[in-house]
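# Overview (structure and organization)
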Amino acid sequence: MSNILSQSEIEALLNSLTDEEGKGDASGPTAGASSSDPNKVFANLDNLVNVAGTGSKSAVAYELYDFRRPDKFSKDQLRTMQMLHETFARVAATGLSAYLRSPVSIDLISLEQVPYEEYLRSINTSVFTVMSLPPLSGQAVLELEFQLIFTMVDRLLGGPGRSIHRTNLSDIEKPLVRQMIERMFSALKTAWEGIVILNPGIETMETSAQFVQISPPNDIVVTILFEVKIGNSRGAMSICVPYLVLKPITAKLSAQKWFVNNSRKNAGISRKLLAYHTRQAPIDCAVELGKAKISMRDMLELKVGDVVSLDQKKDEDLIMRIQKNPKFTVSPSHRGKQMIFTVTDTIENL
């Protein structure tokens, strides 16, 4: 039961104090002094509070709340975003390893929601890539330390992956950095496709945090910090996404809803993707005109104009092989100067 006094209990407390003062005046100054003793009055107040609270003080449960840093995302939503960016880290590491021809490891360190100005204060000298995330409105930031950037550039240009102590990019280095970031965008799109189909694009690239204003200073943003290892070098990378950018899809960031939607959609999407890629896959198709057995000596002595007799009769169908496997029987004919084949039957593989 709550220890807060009701209006009737407060009136009863005041009446009891008035009655005690009246009795004290009637019995003499000594009694009046004792009844007006502050310690005694507070003791009576505590007793009344205890009575109102059924004689026992219960601990009040509370939680500290910082109004300067309001929480916009629930713990469930933060866990979902953590799983998404763990997937991003794995896919991006695989893509960069092949691109840089060097082992790359990306580990997610932390995911927090903080004011935007606090995020900028935590960044040292880095390359800031301001990116758009259609169909979401607004902008986000992909940040990489200069040490990490120059290690990647050195690998791309054939070096061992040494870092350079500079805080700017040359005209030759900028296109190389853009190519690496676009590969990371591909990994980001893959990681988020279970929630929303993103199409990240580079808006601008800056080397100073003061020129990166994607959100008001006091607005809440989600910051995802990664550690990137390339060979023996390591550096930091982070992604910053304002709350207002993710607000339209916050309902989809529930882990339970995410898994349910994936289980329902994956079957149909996977079937369509499999059918599409199967139709686009190139295969080898060859028609076997016949066979002949000749000696090695005869083969070495073959020259232009020689005739080799095959075991195939002219009125018999030929065999069409798909990926070296016999699949169809075909009938040859001519169309102008071209030879064409008409499929007559299928061959069952034994």
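Above: the structure in question.
Now for a quick tour of the structure. Note that the coordinates shown come from a computational prediction; the quantities given were computed from them, not determined experimentally. In every chain, residue numbers begin from 1 and rise along the written sequence. Under the rules for a predicted model, residues below a pLDDT of 70 receive no local features and side-chain atom pairs below 80 are neither given nor counted, while totals for whole chains, interfaces and linings still include all residues. To obtain the side-chain values, all non-hydrogen atoms of the structure were used and water was disregarded.

Bringing the sheet that holds strand β3 (residues 139-145) into the picture now. Here six strands make up an open sheet; going across it, the order is β1-β5-β6-β3-β2-β4 and the pairing antiparallel. In this open sheet, the two edge strands, each paired with only one partner strand, are β1 (104-115) and β4 (201-206). This sheet shows a mean twist of 20° between the axes of neighbouring strands, independent of strand direction. In this scheme, strands are said to pair when DSSP sees at least two bridges between them. Helical segments are the DSSP runs of H or I of at least four residues, strand segments are the runs of E of at least two, and each set is numbered from the N terminus. Two strands pair when backbone bridges link them, and strand β2 (residues 126-132) and β4 are joined in this way by five bridges, in the antiparallel orientation. Inter-axis angles, ranging from 0 to 180 degrees, are taken between N-to-C directions of lines fitted to C-alpha atoms, where helices are fitted over the stretch in contact.

Attention shifts here to the side chain of Q77. Relative to the helices and strands, Q77 resides in helix α4 (residues 75-100). Exposed residues in this analysis have more than 50% of their type's maximum accessible area, buried residues have under 20%, and partly exposed residues fall in between, with area computed by a 1.4 Å probe over protein chains only. A residue is classified by how much of its surface remains accessible, and Q77, at 14% relative accessible area, is buried. Here a polar contact is recorded for every N or O atom pair within 3.5 Å, except that within protein the pair must consist of a potential hydrogen donor and a potential acceptor, and residues adjacent in sequence are included only if both atoms are side-chain atoms. A polar atom in the side chain of Q77 sits 3.0 Å from the backbone nitrogen of S74.

One less than the residue count of a helix, multiplied by 1.5 Å, gives the span that helix is expected to have. Compared with the 38 Å implied by 1.5 Å per residue over 26 residues, the 36 Å span of α4 between its first and last C-alpha is a close match. R101 occupies a position one or two residues after α4 and carries a positive phi of about 55°.

Mapped onto the elements of the fold, E227 is located in strand β5 (residues 220-230). Remark: the alpha-carbon pair of E227 and M237, spanning ten residues in sequence, is separated by 6.3 Å. A distance of 3.0 Å separates the side chain of E227 from the side chain of R234, its partner in a polar contact.

Take a nonpolar patch on the surface next. Exposure above 30% relative accessible area and the absence of a salt bridge qualify a residue for a patch, where like charges join within 9 Å and nonpolar side chains (Val, Leu, Ile, Met, Phe, Trp, Tyr) within 5 Å. Accessible surface area values rest on a Shrake-Rupley calculation with a 1.4 Å probe, where residue burial reflects the displayed protein chains alone. What makes a salt bridge here is a side-chain nitrogen of Lys or Arg within 4 Å of a carboxyl oxygen of Asp or Glu, nothing more. Residues L289, I294, M296, M299, L300, L302, V308, L310 and M339 make up a contiguous nonpolar surface patch of roughly 850 Å² in combined accessible area. The element contributing the most residues to the nonpolar patch is helix α10 (residues 296-300), with three residues. Relative to the elements of secondary structure, V308 occurs in the loop between α10 and β8 (318-322).

Let us now look at the environment of Q213. Residue placement: Q213 occurs in the loop between β4 and β5. The sequence separation of Q213 and A140 amounts to 73 residues, and the corresponding C-alpha distance is 9.7 Å. There is a polar contact of 3.3 Å between the side chain of Q213 and the backbone oxygen of Q210.

The next thing to look at is the nonpolar core. F88, I106, W192 and M237 are the most contacted members of the largest nonpolar core, which totals 57 residues. When checking whether two residues touch, look at their non-hydrogen atoms; a contact exists if any pair is within 4.5 Å. Setting aside residues up to four positions removed in sequence, W192 forms contacts with M81, L84, H85, L198, L246, I249 and L253. Within this scheme, the nonpolar core is defined by two criteria: the residues are buried Ala, Val, Leu, Ile, Met, Phe, Trp, Tyr or Cys, and they are joined through side-chain atoms within 4.5 Å.

Let us look at unusual backbone geometry. Residue P135 follows P134 across a cis peptide bond; omega there is 10°. By the element assignment, P135 lies in the loop between β2 and β3. Look at R101: it is not a glycine, yet its phi comes out positive at around 55°. Among the secondary structure elements, R101 is positioned in the loop between α4 and β1. Owing to a relative accessible area of 52%, R101 belongs among the exposed residues under this scheme.

Next up on the list: the sheet that holds strand β9 (residues 325-335). In sheet architecture, strand pairing relies on hydrogen bonds along the backbone and comes in two forms, parallel and antiparallel. Spatially, four strands are ordered β7-β8-β9-β10 in an open sheet, and the strand pairing comes out antiparallel. The open sheet has two free edges, formed respectively by β7 (285-288) and β10 (338-346), since each of these has just one partner strand. Going across the sheet, the axis of each strand differs from the next one's by a mean of 40°, ignoring polarity. The pairing of β8 with β9 spans five bridges and is antiparallel. What sits directly across from L318, in β9, is V330.

Nothing here speaks to function; it is all geometry.
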